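Summary of structural features
Letter by letter, the chains look like this.
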Amino acid sequence: MNQLTIHEAHQLLKAKQLSSVELTKACLERIHQVEPEVHAFVTITEELALKQAQRADELIAKGDANPLSGIPVLIKDNMCTKGIRTTCSSKMLENFVPPYDATVVERLNNCGAVMIGKANMDEFAMGSSTENSALFTTHNPWDLSRVPGGSSGGSAAAVAAGETIYALGSDTGGSIRQPAGFCSVTGLKPTYGRVSRYGLVAFASSLDQIGPLTKDVTDCALVMNAIAGYDRRDSTSAPYPIPDFTQCLTTDLKGLRIGVPKEYFVEGMQAEVATAIRAAINKLEELGATVDWEVSLPHTRYALAVYYIIAPSEASANLARYDGVKYGFSSQEGDTMWEAMEKTRQYGFGPEVKRRIMLGTYALSAGYYDAYYLKAQKVRTIIRQEFDQAFEKFDALVTPTSPTVPFEIGEKVADPLQMYLSDVCTLPINIAGLPAISIPAGFADGLPIGMQIIGKPFSEETLLKTAYAYEQATEWYKRKPKI
Ligand code: GLN
């Protein structure tokens, strides 16, 4: 039962062949079985889940079933959940219990969702492997000695291992797509502004976006139906109507114009990854799309540098709020306010978070602002314009999600730059505010490879349609790890 998709489970629930309590118990059983090896959950909300499941069963009995009613979901631990610890996998928020729900959580609740727990992540979503979690490292269900990707590694690993039916993640530079690729699940980073960020613990506010991690594309569309849309509590939320995202799922790609930007087949990319993605693009061509293999986006090469100025700058401002006074960890040591604040931040933040705060503070300081932050913002505009131009000719751009398959735990911790490079293919998309999806597209020696499909702003339907057609023609998504 725990291996069901949302749409399969919904059919069974509606037909009364399955109850939400049974489904929830199946997931909880699976959690207890594999969690000692996977470590995807920071908190398991067993009691709450069973209560919500019972309530969902009552609603379903009354014929009141939403497609998400009674279906277990795992929430990344940087989204506020009322009355439930929200740690951001940081010592700073280890005991933080939010007094309110994030908008996405509220919307899922309104659909009758069953929250099964909170997912491990890189501390404050800074990282690509969950090794930056201050709590513990999540392991990849496809090979337990490898990372699940990050920062939404707990969410992706749990979906792949069948511990939950689906999950929510957040993506600032690749944190939904890269772990989706590493765990062979589907992950969508919506257009900036499509999904409310209210109640998402801020990392880099102009880049952060919440999205689904699911077992297939249909589920991804169903979750988008529930979480997307205007929210007056998020001032950057887009006031656009939301379509029914399942309506666009067809298997005919006739008329679709695809571009393949050559800069995304970067130097140092694993050969098997490039080969698998080229084969996947051939498949899209077979399905009716026209493909231009010679697209060039020359400013892609600056995206990583731009990201590592802008994201840390915004992070340094956002994380200033953790001063040991308002909420979160508070060191009582020190004789003055400043000393107490220093001790609080010294203990509360891990090394990567401190590195980002230092980089960001430096880039924003009076003497360097123009040289770094302002320059980065200008290049950001150029990168966005380059994408805009490409989308005059193409409906979608297709690239690998990551340059490699999942790497070994410990392999890159000593070298932050190597770690940063695992997001070269995903970062530019956040810089430009575009939507992009990662879907399973093959394996190399049993390790997953993800394909990224990028679209123009608010073209999630085109992405879902392209992904769906490929998925239905290939069935990589049906493979499950043997854990
Ligand atoms: N890996 C990137 C970083 O460390 C992106 C993280 C994310 O998307 N949250 O910043």
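Residues numbered from 1 in each chain as written. Predicted model: local features only at pLDDT ≥ 70, side-chain atom pairs only at ≥ 80, totals over all residues. Heavy atoms only, no water.

**A closer look at the overall build of the chain**
We apply this condition: Numbering goes from the N terminus for both helices and strands, where a helix is a DSSP run of H or I of at least four residues and a strand is a run of E of at least two. We take the radius of gyration over the C-alpha atoms and set the globule estimate at 2.2 Å times the residue count to the 0.38 power. Buried, partly exposed and exposed residues are distinguished by accessible area as a fraction of the type maximum, computed with a 1.4 Å probe on protein chains only: under 20%, between the cut-offs, and over 50%, respectively. It only takes one pair of heavy atoms within 4.5 Å for two residues to be counted as in contact. Per-residue and other accessible areas follow the Shrake-Rupley method at a 1.4 Å probe size, with only the shown protein chains counted as cover for residues.
When you go through the chain residue by residue, the secondary structure sums to 15 helices and 11 strands. Its C-alpha radius of gyration of 21 Å places the chain within 12% of the 23 Å reference for a compact globule of 483 residues. Along the first, second and third principal axes, the C-alpha set of the chain runs to 65 × 55 × 45 Å. The proportion of buried residues among the 483 residues of the chain is 61%. Across the chain, the fraction of contacts at a sequence separation of at least 24, relative to all contacts at a separation of at least 6, is 76%. Accessible surface computed for the chain: about 18100 Å², of which carbon and sulfur atoms make up 52%.

**Topic: the packing of aromatic side chains**
Where we set the bar: The criterion for an aromatic pair is that two Phe, Tyr or Trp rings (for Trp, the six-membered ring) have centres within 6.5 Å, with stacked assigned to planes under 30 degrees apart, edge-to-face to planes over 60 apart and tilted to the rest.
Summed over the entire model, instances satisfying the criterion amount to 18 aromatic pairs. An angle of 90° between the planes, with centres 6.1 Å apart, marks the rings of Y322 and F349 as edge-to-face. One end of the pair, Y322, is in the loop between α9 (303-318) and α10 (337-348); the other, F349, is in the loop between α10 and α11 (351-364), with 27 residues separating them in the sequence. Residue F349 is classed as buried on the basis of its relative accessible area of 4%.

**Let's talk about helix α15 (residues 460-474)**
The criterion, for reference: Here a helix's expected span is defined as the number of its residues, less one, multiplied by 1.5 Å.
When the terminal C-alpha atoms of α15 are compared, their 21 Å separation across 15 residues agrees well with the 21 Å that a helix rising 1.5 Å per residue should span. The complete set of buried residues in α15 reads E460, L463, L464, T466, A467, Y468, A469, Y470 and E471. Those residues of α15 that are buried are in contact with β5 (186-189), α7 (217-227), β7 (257-261), α8 (271-286), β10 (436-444) and β11 (447-455). Where α15 ends, the next residue or the one after it, E475, has phi of about 70°, a positive value.

**Notes on the packing of α9 against α11**
The condition is simple: In this description, a line fitted to the C-alpha atoms serves as the axis of each element, helices being fitted only across the stretch in contact, and the angle between N-to-C directions of two axes falls anywhere from 0 to 180 degrees. Our angle categories are set so that under 35 degrees counts as roughly parallel, over 145 as roughly antiparallel, 65 to 115 as roughly perpendicular, and the remainder as oblique. Side-chain classes are defined by residue name, with Ala, Val, Leu, Ile, Met, Phe, Trp, Tyr, Cys and Pro counting as nonpolar, Asp, Glu, Lys and Arg as charged, and the others, Gly among them, as polar.
Across the interface, α9 lies against α11 with an axial gap of 7 Å and an inter-helix angle of 100°. Between α9 and α11, the angle is such that the two are roughly perpendicular. Residues Y308, I309, P312, S313 and S316 of α9 lie in contact with α11, whose contacting residues are R356, I357, L359, G360, T361, A363 and L364. Residues of the contact of α9 with α11, tallied by class, amount to 7 nonpolar, 4 polar and 1 charged.

**Section: the pattern of salt bridges**
To keep it simple, the criterion reads: Salt bridges are identified by distance alone: a Lys or Arg side-chain nitrogen within 4 Å of an Asp or Glu carboxyl oxygen.
A full pass over the atoms with the stated rule returns 16 salt bridges. For R194, the salt bridge identified is with E460, shortest N-O distance 3.3 Å. Of this pair, R194 sits in the loop between β5 and β6 (210-214) while E460 sits in helix α15, placing them 266 residues apart in sequence. There is no split in this pair, since R194 and E460 are both buried.

**Overview of α7**
The buried count for α7 comes to 10 of 11 residues, which makes it a mostly enclosed element. Burial in α7 covers these residues: V217, T218, D219, C220, A221, L222, V223, M224, A226 and I227. Of the residues one or two after α7, G229 is the one with positive phi, at around 120°.

**Some points on the site of the ligand**
Inclusion rule: Being near a molecule or strand, for a residue, comes down to having at least one heavy atom within 4 Å of it. Polar contacts, as counted here, are pairs of nitrogen or oxygen atoms within 3.5 Å of one another; within protein the pair requires one atom able to donate a hydrogen and one able to accept it, and residues that are adjacent in sequence qualify only if both atoms are side-chain atoms.
The full set close to the ligand counts 15 residues, and G173, S175, Y307, R356 and D423 are the nearest of them. Within the side chain of Y307, a nitrogen or oxygen atom sits 2.6 Å from an oxygen atom of the ligand. Note that a nitrogen atom of the ligand is positioned 2.5 Å from one of the side-chain N or O atoms of D423. Its residues placed into classes, the shell around the ligand shows 5 nonpolar, 7 polar and 3 charged.

**Observations regarding the side chain of E460**
Looking at E460, the relative accessible area reads 0%, which means it is buried. Side-chain polar atoms of E460 contact the side chain of R194, separated by 3.3 Å. Sequence-distant contacts of E460, defined by excluding residues within four places in its chain, comprise L188, P190, T191, R194, M224, F245 and P435.

**Looking at the sheet that holds strand β2 (residues 72-76)**
Selection rule: Whether two strands pair comes down to DSSP finding at least two bridges between them.
Spatially, the 11 strands line up as an open sheet ordered β1-β3-β2-β4-β6-β5-β10-β11-β9-β7-β8, and their pairing is mixed. Strands at the two margins of the open sheet, each flanked by one partner only, are β1 (41-44) and β8 (290-295). Neighbour-to-neighbour, the strand axes of this sheet turn through a mean angle of 25°, independent of strand direction. Looking at chain direction, strand β4 (residues 166-170) and β6 are connected through 4 bridges and run antiparallel. Among the inter-strand pairings, S170 is bridged to a residue of β6, identified as I210. In the packing of helix α5 (residues 153-160) onto the sheet, the strands contacted are β1, β2, β3 (114-119), β4 and β6, and the crossing angle to β4 comes to about 160°.

**Describing the pairing of β7**
Put simply, the rule reads: Think of it like this: strands point away, you trace from the first strand over the helix to the second, and a clockwise trace means the crossover is right-handed.
With 4 of 5 residues buried, β7 is to be regarded as a mostly interior element. Across 4 bridges, the pairing between β7 and β8 is parallel. From the neighbouring strand, R257 faces β8, where its bridge partner is T290. Taking the sense of rotation as the criterion, the β-α-β connection linking β7, α8 and β8 turns out right-handed. Relative to strand β9 (residues 396-400), β7 runs parallel, the two sharing 2 bridges. Counterpart to G259 in the pairing with β9 is L397.

**Brief notes about the confidence of the model for the chain**
Put simply, the rule is: Scored from 0 to 100, pLDDT records how confident the predictor is in each individual residue.
When pLDDT is averaged along the chain, the result is 97, and 100% of the positions lie at 70 or above. Within the chain, helix α13 (residues 416-421) has the poorest average pLDDT of any element, 88, and β4 the best, 99.

**Quick word on a nonpolar patch on the surface**
Keep this limit in mind: To count toward a patch, a residue needs a relative accessible area over 30% and no salt bridge; like charges are then connected within 9 Å, while nonpolar side chains (Val, Leu, Ile, Met, Phe, Trp, Tyr) are connected within 5 Å.
The grouping of Y362, Y368 and Y372 at the surface amounts to a nonpolar patch, some 290 Å² of accessible area in total. Here Y362 is to be found in helix α11. Y362 sits in the partly exposed class, given a relative accessible area of 42%.

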